[in-house]
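# Structural characterization, general
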Amino acid sequence: MSGAPIRSSPMPAGAPLPARQTQTLLELQAILENATVGILFSRNRLLVQANPRCAQMFGYAPGELVGRSTALLHPSDDAFERFTADAFPVIERGGTYEAEVPHLRRDGTPIVCHVSGRAIDPADLPQGLIWIVQDVTADLDTIADGVDFVCCALDMDKEEIRRVEDAYAQRETPFMR
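Residues take numbers from 1 onward in each chain, read along the sequence in its written order. Local features are withheld for residues below a pLDDT of 70 in this predicted model, meaning they are given only at 70 or higher, and side-chain atom pairs are given and counted only at 80 or more; totals for whole chains, interfaces and linings count all residues. Calculated side-chain values reflect all of the structure's heavy atoms, with hydrogen atoms and water omitted.

## Notes on a nonpolar patch on the surface
A cluster of nonpolar residues, Leu25, Leu28 and Ile31, forms a patch on the protein surface that exposes about 290 Å² of accessible area. Secondary structure is summarised from DSSP: a helix means a run of H or I of at least four residues, a strand means a run of E of at least two, and numbering begins at the N terminus for each. Checked against the element boundaries, leucine 28 lands in helix H1 (residues 19-34). Here a patch means residues that are over 30% exposed by relative accessible area and free of salt bridges, tied together within 9 Å if like-charged and within 5 Å if nonpolar (Val, Leu, Ile, Met, Phe, Trp, Tyr). The accessible surface values rely on the Shrake-Rupley method and a 1.4 Å probe; as for residues, cover is taken only from the protein chains in view. Basic side-chain nitrogens of Lys or Arg form a salt bridge, by our definition, when they fall within 4 Å of a carboxyl oxygen of Asp or Glu.

Structural data, given as structure tokens:
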């Protein structure tokens, strides 16, 4: 992504929209509603919009996140402050911030999300930020299982390694279905 400001045409509230703009808005709404990743729009640390996938990822009903503090999605105030300290210098320079970030679902379940965020206009941060959020907890668990397997294998003789490999090969994984 280039880091150039995202441009939109300001329209007075209640102004009639030409047919093409109406069609564009319907298309954008369909994209947001059907995206397989969470999409957030925040302004001044408040959630302005969150697509249905984002709400579901965090355990909320569609629309329920709107108006709430973005800190709500983080495990603690300290974690939120560290996140903003890391993200905002990148965003203020016009860049896209990307990282794996600990988050918290509504029920208190910790998750790790890959987040990608940028300003609508880096020269005017109060216009807001766009965030793409993807729960990568299961991916990290799979990687950890592989690391555990390798670590255990290093302490085994060849026969033990073959038994574990055979047992592992019999396991049903998402890639084997």
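Here the narrative resumes, following the displayed structure.
## Looking at the pattern of salt bridges
Per the stated rule, a full pass over the model turns up 3 salt bridges. Measuring nitrogen to oxygen at the nearest pair gives 3.2 Å for the salt bridge that ties glutamate 81 to arginine 45. One end of the pair, glutamate 81, is in helix H3 (residues 77-92); the other, arginine 45, is in the loop between strand E1 (38-43) and strand E2 (46-50), with 36 residues separating them in the sequence. Only protein chains enter the area calculation, which uses a 1.4 Å probe; residues under 20% of their type maximum are buried, those over 50% are exposed, and those in between are partly exposed. Given the relative accessible area of 39%, arginine 45 is considered partly exposed. For aspartate 135, the salt bridge is made with arginine 105, and the minimal N-O distance between the two is 2.7 Å. Of this pair, aspartate 135 sits in strand E5 (residues 129-135) while arginine 105 sits in the loop between strand E3 (97-104) and strand E4 (110-119); the two residues are 30 residues apart in sequence, bridging distant segments of the chain. Look at aspartate 135 and you get partly exposed, because its relative accessible area is 22%. For arginine 105, a relative accessible area of 27% puts it in the partly exposed group.

## Structural notes on the confidence of the model for the protein
With 69% of its residues at a pLDDT of 70 or more, the protein shows a mean pLDDT of 80. The pLDDT score gives, residue by residue, the confidence of the prediction method on a 0 to 100 scale. The secondary-structure element of the protein with the lowest mean pLDDT is helix H4 (residues 137-154), recorded at 55, while E5 shows the highest, at 96. Low confidence marks residues 172-177, where pLDDT is under 50. Its contacts with residues over four positions away, or in another chain, come to 3 contacts. A contact between two residues is defined here by any heavy atoms of the two lying within 4.5 Å.

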